[in-house]
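Spelled out, the chains give:
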Amino acid sequence: MSSLRPSPITPTVDFDRDGVQHGFLRLPYSRDDSAWGSVMIPICVIRNGNGPSALLTGGNHGDEYEGPLALYDLARTLDPRQVSGTVIIVPAMNYPAFRAGTRTSPIDKGNLNRSFPGRPDGTVTEKIADYFQRELLPRTDIALDFHSGGRTLDFVPFCAAHIRPDKALEAKGFAAVEAFSAPWSMKMLEIDAVGMFDTAAEEMGKLFITTELGGGGTSRAETVRIARRGVLNVLRHAGIVTGAVEMQPTRWLDMPSGDCFSFAEDDGMIETMIDLGEPVEEGQVLARIHSIGRTGTAPQEIRARMSGLLAARHFPGLVKAGDCTAVVAVLVD
Ligand SMILES: [Zn+2]
C-alpha cells in the first residue's frame, strides 16, 4: 500500500474543519473537449467537533436514484448543530456514470463497485475507487452505500448487511440495518463480491450497510421516503445526529445460498409470473421467457430453486441469456 503513488484526486473541502462545506473531489481528466479538464465529484462535509464519522454514498452505480435523492437533500438540510462528529456525503460516487444515467462509466466502462481497491494510476473509475479506499474509508466509522436495482433490476425495498466472520461487527451491522427501518431487512449474499466497495470497507474492519430500494432506472415516492428516513435513522443510531431513531416495522430476509438466484438461458421476452414480495414455493414458475424470433415455440420456464418470497426481478421486458431474472429470499421469523 505504502508504495502506491498519491491519489490524483484533490478535495476542495477540509475534512477536519467544523461547519458545512460543499465542494468537490477534483479528478484530472484530460480529453478532447477539455485539455486540462477535471471530473468534479460533488462532496459535502458536515462536521461538529470530535466524534464518530459516517461516510454516506449514492450513485456508486449511475442509474440508481433513491440514494442520490436522499443524500443531495441531506447535504442541503442537515444542521451542523444537530451533529456531533463528521458526516461525509458523496451522493454520486461514480459521477461520470451518474451524469450519463448509466450503471457504468461512459469514460472507461468501469463498474465502480467491481473496481476496488482501485489504482491511483489506473482508469478514471479505478482512480475514484482508490480515493475511497485510501482516503475516505480509513477516516470512516460507519459507511452507508445506497443502491437500487438500476435499469435492469427491481427490488422489494430493503436495507442490508453481510454475514461476517467477526460476529461482533456483524451484529453491529444488523443493528444499523434495523435502525434504517426499511420495510425489509436483508442478510445479504453477493453473487460476485470481489472488487466491491462493500468488501473493501469490510476488509478494513468498518461497519458497512447497504440498500436495494427499488429500481427500474427511476425512483418511487415510497422508496425515496424510505431512503430519507433511513439515512437519518442510521446517523441517529450511530450517535452522530441528535434525536431518537424513528423505528418502523421491518421483516428480516436471508439469502442462504446461490439457489436464491435465477438466470436466463435464452434471449427473449420475459413474462413475470409473480410479483415482488409475493410468496414462492420451490419449483414454482417465477417467469417465462418467450422466443420472439418465431411463433410456435414453447417458452422457457424459470423455476424457483428454493421457497421464500420474490425479492428481486429482471425489470425490462426483453431479456438476454445470462441475465439475472429473479432473486428469492427466505423470510426469517
Ligand atoms: Zn447498485
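Keep in mind the model is a prediction, meaning the values are calculated, not measured.

Draft legend 1. Quick look at the environment of Asp33. Looking at where Asp33 falls in the secondary structure, it is placed in the loop between strand S2 (19–28) and strand S3 (38–48). Judged by relative accessible area, which is 64%, Asp33 ranks as exposed. In the structure, Asp33 is positioned 27 residues away from Asn60 in sequence and 25 Å away in space, judged by C-alpha atoms.

Draft legend 2. Here's a closer look at the environment of Pro299. Note on placement: Pro299 falls in the loop between strand S15 (285–290) and strand S16 (300–303). Separated by 78 residues in sequence, Pro299 and Ala221 place their C-alpha atoms 35 Å apart.

Draft legend 3. The arrangement of the sheet that holds S15 in detail. Strands sit in the order S16-S15-S13-S18 across an open sheet of four strands; the sheet is antiparallel. At either margin of the open sheet sits one strand with a lone partner, and together these are S16 and strand S18 (318–319). Pairing between strand S13 (residues 268–272) and S18: two bridges, direction antiparallel. By the bridge assignment, Gly268 is partnered in S18 with Val319.

Draft legend 4. Spotlight on the UniProt feature "domain: Succinylglutamate desuccinylase/Aspartoacylase catalytic" (unreviewed entry) in the chain. With numbering aligned to this structure, UniProt lists the feature "domain: Succinylglutamate desuccinylase/Aspartoacylase catalytic" (unreviewed entry) at residues 51–237. The annotated region residues 51–237 carries 37% helix and 18% strand content, and the separation between its end C-alpha atoms amounts to 14 Å.

Draft legend 5. Local environment of the state of the cysteines. Applying the stated criterion across every chain yields a total of zero disulfides. Sulfur of Cys159: no disulfide; nearest cysteine sulfur belongs to Cys260 and is 18 Å away. Overall, the relative accessible area of 0% leaves Cys159 in the buried class.

Draft legend 6. Up close: the nonpolar core. Ranked by size, the top nonpolar core spans 33 residues in total, and within it Leu56, Val87, Ile89, Phe180 and Leu235 carry the most contacts. Among the elements that line this core, the one with the most residues is helix H6 (residues 221–237), at five residues. With residues near it in sequence (within four places) discarded, Val87 still touches Cys44, Val45, Ile46, Ala54, Leu56, Leu78, Leu235 and Ile240. Judged by nonpolar contacts, the second largest core, of 30 residues, contains Tyr95, Leu112, Tyr131 and Leu137.

Draft legend 7. Region of the structure containing the pattern of salt bridges. Tallied over the entire structure, the rule returns 18 salt bridges. Residue Arg5 is joined to Asp121 by a salt bridge in which the shortest nitrogen-to-oxygen separation is 4.0 Å. Of the two residues, Arg5 is situated in the segment before strand S1 (10–11) and Asp121 in the loop between helix H2 (95–100) and helix H3 (124–136); the sequence distance between them amounts to 116 residues. Between Arg47 and Asp18 there is a salt bridge; the shortest N-O distance is 2.6 Å.

Conventions and cut-offs
- Residues numbered from 1 in each chain as written.
- Predicted model: local features only at pLDDT ≥ 70, side-chain atom pairs only at ≥ 80, totals over all residues.
- Heavy atoms only, no water.
- Helix = DSSP H or I, 4+ residues; strand = E, 2+ residues; numbered from the N terminus.
- Buried < 20%, exposed > 50% of the residue type's maximum accessible area, 1.4 Å probe, protein only.
- Pairing = 2+ DSSP bridges.
- UniProt positions renumbered as here; feature names shortened; annotations may be inferred.
- Disulfide = S-S within 2.5 Å.
- Core = buried A, V, L, I, M, F, W, Y, C linked by side-chain atoms within 4.5 Å.
- Contact = heavy atoms within 4.5 Å.
- Salt bridge = Lys/Arg side-chain N within 4 Å of Asp/Glu carboxyl O.

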